[in-house]
Amino acid sequence: MIPAGLRARLNPVFVIILTLLLGIAGGIRPVKVVRDHGSGLIVWLWAWQECRINFINSVTHLPVDMRFGVPWAFSGFSARTDPGTEEYYTAGAYAWNEQLAKEHTGSLNYCSEVGIDVTLAGRLFHEQGGCISLSLLWPPGN
């Protein structure tokens with residue numbers, strides 16, 4: 001049995017520690033990275049970090065720069081490329097960035113024969129003639 005005076009002093013400490021742990025758990029985003037030509041590993045991100053994917057479109061031979069975040073899932077996508085490459089992806093049927101901004105998912109898979117670069121937390125992953133898969137491990141349910 002814990003004396004009442006000690007229990008009263010421990011309660012604020014417990015609340016502070018629990019608040020810190022919940023804050024960390026709410027802000028951390030472990031992402032599993034698997035490459036066809038490399039070993040898999042886990043990269044630790046914060047929920048507000050920006051991620052990037054860069055590649056050369058194999059048809060137009062022009063660069064595509066995609067950005068996204070990880071607030072609760074891979075989301076907030078945007079793309080920058082030339083009008084011809086955007087036309088290639090959309091056939092002019094919709095505004096690409098408006099549609100991308102609505103997307104959210106717990107996993108991504110990008111493949112390229114020409115080459116693809118994925119940047120997470122300042123770490124660059126390159127794959128040529130293969131795929132890079134990203135899986136968000138936390139929070140669950142994505």
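Predicted, not measured: the structure shown is a model, and the values here were computed from it.

Considering all chains together, one arrives at 3 salt bridges under this definition. For Arg 52, the salt bridge goes to Asp 65, with nearest N and O atoms at 3.2 Å. Taken together, the residues Arg 52 in strand β3 (residues 50–56) and Asp 65 in strand β4 (residues 63–69) connect sequence positions 13 residues apart. Look at Arg 52 and you get partly exposed, because its relative accessible area is 28%. For the salt bridge of Arg 67 with Asp 65, the shortest nitrogen-to-oxygen distance reads 3.3 Å. On the accessibility criterion, Asp 65 (11% relative accessible area) is buried.

Turning to the sheet that holds strand β10 (residues 130–136), a few remarks are in order. Spatial ordering of the open sheet is given by β2-β1-β10-β7, a layout of 4 strands whose pairing is antiparallel. The sheet terminates laterally at β2 (41–46) and β7 (107–112), the two strands that pair on one side only. Here the strands of the sheet are splayed against their neighbours by 20° on average, with no regard to which way each runs. By the bridge criterion, 6 bridges tie strand β1 (residues 28–35) to β2 in an arrangement that is antiparallel. Of the residues in β2, the one forming a bridge with Arg 29 is Leu 45.

The next point concerns the sheet that holds strand β9 (residues 123–127). Read from one edge to the other, the open sheet built from 6 strands follows the order β6-β5-β4-β3-β8-β9, with strand pairing classed as antiparallel. For this open sheet the edge positions go to β6 (104–105) and β9, each flanked by a neighbour on one side alone. Summarising the sheet, β3 and strand β8 (residues 116–120) pair through 4 bridges and their orientation is antiparallel. Residue pairing in the sheet places Asn 54 in a bridge with Asp 117 of β8.

As a further point, take the environment of Leu 62. Locating Leu 62 in the fold gives a position in the loop between β3 and β4. Under the relative-accessibility criterion, Leu 62 is labelled partly exposed at 35%. Sequence separation between Leu 62 and Thr 81 is 19 residues, and the spatial gap between their C-alpha atoms is 7.5 Å. When near neighbours in sequence (up to four residues on either side) are disregarded, Leu 62 contacts Phe 55, Ile 56, Asn 57, Asp 82 and Thr 85.

Here we take up the packing of aromatic side chains. Under the defined criterion, the tally for this structure stands at 5 aromatic pairs. On the numbers, 5.7 Å between centres and 85° between planes, the contact of Phe 68 with Phe 74 is edge-to-face. Take Phe 68 and Phe 74: they sit in the same class, and that class is buried. Seen in terms of ring centroids, Tyr 89 and Trp 96 are 5.0 Å apart; in terms of plane orientation they differ by 20°. Their pairing is stacked. Since its relative accessible area comes to 8%, Trp 96 is described here as buried. Taken together through their ring pairs, the aromatic side chains of Phe 68, Phe 74 and Phe 77 make up a single cluster. Over the face of the ring belonging to Trp 72 we find Arg 29, whose NZ or CZ atom lies 4.8 Å from the ring centre.

Parameters at a glance
The numbering scheme is per chain: residues are counted from 1 as the chain's sequence reads. Per-residue local features of the predicted model are confined to residues with pLDDT of at least 70, and side-chain atom pairs are confined, for both listing and counting, to 80 or more; whole-chain, interface and lining totals are unaffected and use all residues. As a rule here, side-chain values cover all heavy atoms of the structure and leave hydrogens and water aside. Any Lys or Arg side-chain nitrogen found within 4 Å of a carboxyl oxygen on Asp or Glu counts as a salt bridge. Counting from the N terminus, the helices are the DSSP runs of H or I reaching at least four residues and the strands are the DSSP runs of E reaching at least two. Under the scheme applied here, a residue whose accessible area is under 20% of the maximum for its type counts as buried, over 50% as exposed, and between as partly exposed, the area being computed with a 1.4 Å probe on protein chains only. Note: two strands are recorded as paired if DSSP finds a minimum of 2 bridges between them. Helix axes are fitted to C-alpha atoms over the stretch in contact, other axes to C-alpha atoms as well, and angles between N-to-C directions run from 0 to 180 degrees. It only takes one pair of heavy atoms within 4.5 Å for two residues to be counted as in contact. Any Phe, Tyr or Trp ring, taking Trp's six-membered ring, that has another such ring centre within 6.5 Å forms a pair; planes under 30 degrees apart are called stacked, those over 60 apart edge-to-face, and the others tilted. We call a charge positioned above a ring when the Lys NZ or Arg CZ atom is no farther than 6 Å from the ring centre and deviates by at most 35 degrees from the ring normal.

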